[in-house]
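What follows is the residue order along each chain.
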Amino acid sequence: GIPGASARRITGAADGRAHDERDPVWSPDGKRIAFLSDAAREGQSQIWIAPAAGGPARRMTGVAGQVSHLRWSPDGRSVAFLFVEGSAQETGALTAYKPDTGLVEETVDEQRIAVADASTGRVRSVSPANLFVYDYDWSPDGKRFAVEAAEGSGTNNYWLAHLDVVDAATGAAKVLWKPPLQIA
């Protein structure tokens, strides 16, 4: 810790109540912290940004769906995240799902990379709509993403995941490596 410094809470809440707040990540210059909070609406996480030196946090996004895995761009101008638009159900091969009842119809919710502009909060989806992204990271120059992904259902196709590169500007994806067995 910093000698003489005291801990302080970083929150999106203005009501003094506890909210689901998690996944803090430092900006590349160390001046801001992005984090997830459902302070604006319970059960719907948004990205918030707080000044590291103190002061109120500001809500950056206003999306509907699952938001996770925040990553600042190398230049600090945007925050990427994994996004399942319109979904309230967490996704992935290790998620417990409610058992099917009645007429069973599979709905494929794709988890995609989205990028939010840190100044305006404008969000754009980046990775292809048919590609379920499990994990990702920016390239050092901020022009590409390395991704672990599979086509189709993220729940059913994890065992077929491959390593891809996704262009941050165009969203074009290129498979780098398809392992003979499960990627790890």
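What counts and what doesn't
- Residues numbered from 1 in each chain as written.
- Predicted model: local features only at pLDDT ≥ 70, side-chain atom pairs only at ≥ 80, totals over all residues.
- Heavy atoms only, no water.
- Phe/Tyr/Trp six-rings, centres within 6.5 Å; stacked < 30°, edge-to-face > 60°.
- Buried < 20%, exposed > 50% of the residue type's maximum accessible area, 1.4 Å probe, protein only.
- Helix = DSSP H or I, 4+ residues; strand = E, 2+ residues; numbered from the N terminus.
- Polar contact = N/O pair within 3.5 Å; in protein donor to acceptor, adjacent residues only side chain to side chain.
- Contact = heavy atoms within 4.5 Å.
- Pairing = 2+ DSSP bridges.
- Axes fitted to C-alpha atoms, helices over the stretch in contact; angles between N-to-C directions.
- Salt bridge = Lys/Arg side-chain N within 4 Å of Asp/Glu carboxyl O.

1. Here's the deal with the packing of aromatic side chains
- Throughout the structure, instances matching the rule amount to six aromatic pairs.
- A centroid spacing of 4.9 Å and a plane angle of 50° characterise the contact between F132 and Y134, whose relative ring orientation is tilted. Here F132 and Y134 have matching classes, each one buried.
- Here the aromatic rings of Y158 and W159 are separated by 5.3 Å at their centres, their planes lie at 85°, and the arrangement is edge-to-face.
- You can call W159 partly exposed: its relative accessible area is 47%.

2. Looking at the side chain of S45
- Structurally, S45 can be placed in the loop between β2 (32-37) and β3 (46-51).
- Judged by its relative accessible area of 8%, S45 is buried.
- A distance of 3.5 Å separates the side chain of S45 from the side chain of R22, its partner in a polar contact.
- Ignoring anything within four residues of it in the chain, the contact list for S45 reads R22, L36, S37, D38 and V67.

3. Section: the side chain of S73
- On the secondary structure map, S73 appears in the loop between β5 (65-72) and β6 (78-85).
- Classification of S73 as buried rests on a relative accessible area of 2%.
- In this structure the side chain of S73 is engaged in a polar contact, spanning 2.7 Å, whose partner is the side chain of D75.
- Not counting residues up to four positions away in its chain, the partners in contact with S73 are P28, S78 and W138.

4. Here we look at the sheet that holds strand β7 (residues 112-117)
- Taken in spatial order, the four strands of this open sheet run β5-β6-β7-β8, and their pairing is antiparallel. Strands at the two margins of the open sheet, each flanked by one partner only, are β5 and β8 (123-125). Taking each pair of neighbouring strands and ignoring which way they run, the sheet shows an average axis angle of 30°.
- As judged from the six bridges shared by β6 and β7, these two strands associate in the antiparallel manner. Of the residues in β7, the one forming a bridge with A80 is V115.

5. What about the pattern of salt bridges?
- Taken as a whole and assessed by the stated rule, the structure comprises five salt bridges.
- For the salt bridge of D15 with R17, the shortest nitrogen-to-oxygen distance reads 3.3 Å.
- The exposure class of R17 is partly exposed, given its relative accessible area of 47%.
- Across the pair R71 and D135 runs a salt bridge, and its minimum N-O distance is 3.3 Å. Within this pair, whereas R71 is found in strand β5, its partner D135 is found in strand β9 (residues 131-138), the two being separated by 64 residues in sequence.

6. With respect to the sheet that holds β3
- Reading across the sheet, the four strands line up as β1-β2-β3-β4 and stay open at both edges, with antiparallel pairing between neighbours. The open sheet terminates on both sides in strands that have one partner only, identified here as β1 (21-26) and β4 (58-59).
- Relative to β2, β1 runs antiparallel, the two sharing four bridges. Among the inter-strand pairings, V25 is bridged to a residue of β2, identified as A34.

7. Observations concerning the environment of G171
- Secondary-structure assignment places G171 in the loop between β11 (162-167) and β12 (173-177).
- A sequence separation of 26 residues divides G171 from F145, and the C-alpha atoms of the two residues are 9.4 Å apart.
- Beyond its immediate sequence surroundings of up to four residues, G171 is in contact with V126, S127, P128 and V166.

Everything listed here is a matter of geometry and, on its own, says nothing about what the molecule does.
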